[in-house]
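Structural description and commentary
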Amino acid sequence: MIIDLRSDTVTQPTAAMRKAMHDAEVGDDVHGDDPTVNRLEAMAAERLGHEAGLFMPSGTQSNLVALLTHCGRGDEYICGHDAHTYRYEGGGAAVFGGIQPQPVPFGDDGGLPLDAVASVIKDRADTHFAKTRLLCLENTQHGRVQSLESLREARAFAHAHALAIHLDGARAANAAVVLGVSLEDIGRCFDSVSLCLSKGLGAPVGSMLVGSTEFIAAARRWRKVAGGGMRQAGVLAAAGIIALEEGPAALADDHAKARELATALEPLPGISLRPGWLQSNMVWLSLPEDKVTGVLAAAAEAGLRLSLSRQGWSRIVLHRDIPSGALPTIVEVFARGLDT
Ligand SMILES: *Cc1c(COP(=O)(O)O)cnc(C)c1O
């Protein structure tokens, strides 16, 4: 048995997804002819409370296309210092769009303190500065959930400062489940949202970008420019439809598994759990530096895939392909590794 705790991206398509992929009605999506893609796009827009949707090959390309659509060369977007768009996407907005990131330290809760955001918004009339155009938030942020109130406040703030607001909502469905609100409640706080189908929702490939009809028309062009026009993509969209319809209801289980695992790991000598970060499907922990090699060796022996930092915090990500019966094995591996 392989137990892969590195990410929820490792989830495999279910039997129902594979069947739907096999049976999918398809067409050339670059011509707008793929009925399955069109259905997924309409469904995602509706679920997230927006006019239109766009099926993207990845979350990275979805954020990139959102940034290219909101901002032009010489513009700037504000994001967290550790934001996925800034830190983990190869600097794509700068590389392809000439768009400057302006990072601001994330608050303890994974949100952006609005006074700090206000202090970096630049005077557009002053030729010294890049033009600040966009505020970009994350929910969840490293597994931490942003409340609806804070999102609404950020929206009002952004619009009061003539900024658009984008959500990197790779795991927005996890946030909705934790908050007990709809995806639409979250979606409506933003001008555009990117949502990953390929993480905890379980699709093999794909993300959705949603926004206004006008925004998505422009984004569709940037997707083509970025090489994301995918032809008979209905085979992928068919799995995406199931992910969107059935995925969210299963996420509460992942969150429960995370809490259960954290409770079992906490008493082990040497493990520290990151206070306040256990909010959705991630357990953040740190180990004594000299124990990491031992834990990784025990993990390899037991078929456990882990990515552990030698120093600082590491994450364990829970998802649907970790059977709940695997938890004792995981705890055992840590106990054994820490004991060597
Ligand atoms: C995974 C992730 C992405 C990118 O998605 P890919 O499909 O892996 O490119 C973007 N933002 C956040 C917060 C993510 O976790």
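See the structure above.
Residues numbered from 1 in each chain as written. Predicted model: local features only at pLDDT ≥ 70, side-chain atom pairs only at ≥ 80, totals over all residues. Heavy atoms only, no water.

**Overview of the overall build of the protein chain**
On a plain count of helices and strands, the protein chain comes out with 13 helices and twelve strands. The C-alpha atoms of the protein chain give 21 Å as radius of gyration, which agrees with the globular expectation for 340 residues (20 Å, within 12%). Considered along the principal axes of its C-alpha atoms, the protein chain spans approximately 60 × 50 × 35 Å. Within the span of the protein chain, comprising 340 residues, buried residues form 53% of the whole. Residue pairs in contact within the protein chain that sit at least 24 positions apart in sequence constitute 75% of those at least 6 positions apart. Accessible area for the protein chain stands at about 14300 Å²; split by element, carbon and sulfur atoms hold 51% of it. A distance of 4 Å separates the average location of the 31 positive side-chain charges in the protein chain from that of its 40 negative side-chain charges. (Helix = DSSP H or I, 4+ residues; strand = E, 2+ residues; numbered from the N terminus. Rg over C-alpha atoms; globule rule 2.2 N^0.38 Å. Buried < 20%, exposed > 50% of the residue type's maximum accessible area, 1.4 Å probe, protein only. Contact = heavy atoms within 4.5 Å. Areas by Shrake-Rupley, 256 points an atom, 1.4 Å probe, with all protein chains shown as cover. Lys, Arg positive; Asp, Glu negative; His and termini not counted. Charge placed at Lys NZ, Arg CZ, Asp CG, Glu CD.)

**Thoughts on unusual backbone geometry**
A cis amide bond links Asn-139 to the next residue, Thr-140, at an omega of 0°. Tracing the backbone through its elements, the reader meets Thr-140 in the loop between β5 (131-138) and α7 (148-160). A positive phi angle, close to 50°, is found at His-142, a residue other than glycine. Among the secondary structure elements, His-142 is positioned in the loop between β5 and α7. A positive phi angle, near 55°, is found at Arg-231, a position not held by glycine. When you line up the elements, Arg-231 lands in the loop between α10 (213-225) and α11 (234-265).

**A few points about the site of the ligand**
Near the ligand, the surroundings consist of Ser-58, Gly-59, Thr-60, Asn-63, His-84, Glu-89, Glu-138, Asp-168, Ala-170, Arg-171, Cys-196 and Lys-199. A distance of 2.8 Å separates an oxygen atom of the ligand from a polar backbone atom of Gly-59. Lys-199 is positioned with one of its side-chain polar atoms (N or O) 2.6 Å from an oxygen atom of the ligand. Isolated, the ligand exposes 380 Å² of accessible area, and the fraction of that covered by the protein chains is 82%. In terms of residue count, the dominant contributor to the shell around the ligand is helix α3 (residues 59-70) (three residues). Taken together, the residues that form the shell around the ligand break down as two nonpolar, five polar and five charged. (Near = heavy atom within 4 Å. Polar contact = N/O pair within 3.5 Å; in protein donor to acceptor, adjacent residues only side chain to side chain. Nonpolar A, V, L, I, M, F, W, Y, C, P; charged D, E, K, R; others polar.)

**Remarks on the sheet that holds strand β7 (residues 192-196)**
Read across the open sheet, the seven strands follow the order β2-β8-β7-β6-β5-β3-β4; overall the sheet is mixed. Each having just a single partner strand, β2 (52-56) and β4 (100-104) make up the two edges of the open sheet. On average, each strand axis in the sheet is tilted by 20° relative to the strand beside it, whichever way the strands run. Examined bridge by bridge, strand β6 (residues 164-168) and β7 share three bridges and lie parallel to one another. (Pairing = 2+ DSSP bridges. Axes fitted to C-alpha atoms, helices over the stretch in contact; angles between N-to-C directions.)

**Considering the packing of α3 against α10**
Viewed as axis vectors pointing N to C, α3 and α10 meet at an angle of 120°, and their least axial separation amounts to 9 Å. Between α3 and α10 lies a crossing of right-handed hand. Mapping the contact onto sequence places Gln-61, Val-65, Ala-66, Leu-68, Thr-69 and His-70 in α3 and Phe-215, Ala-218, Ala-219, Trp-222 and Arg-223 in α10. Tallied by class, residues from the contact of α3 with α10 come to seven nonpolar, three polar and one charged. (Left-handed = near helix turned anticlockwise from the far one by under 90°.)

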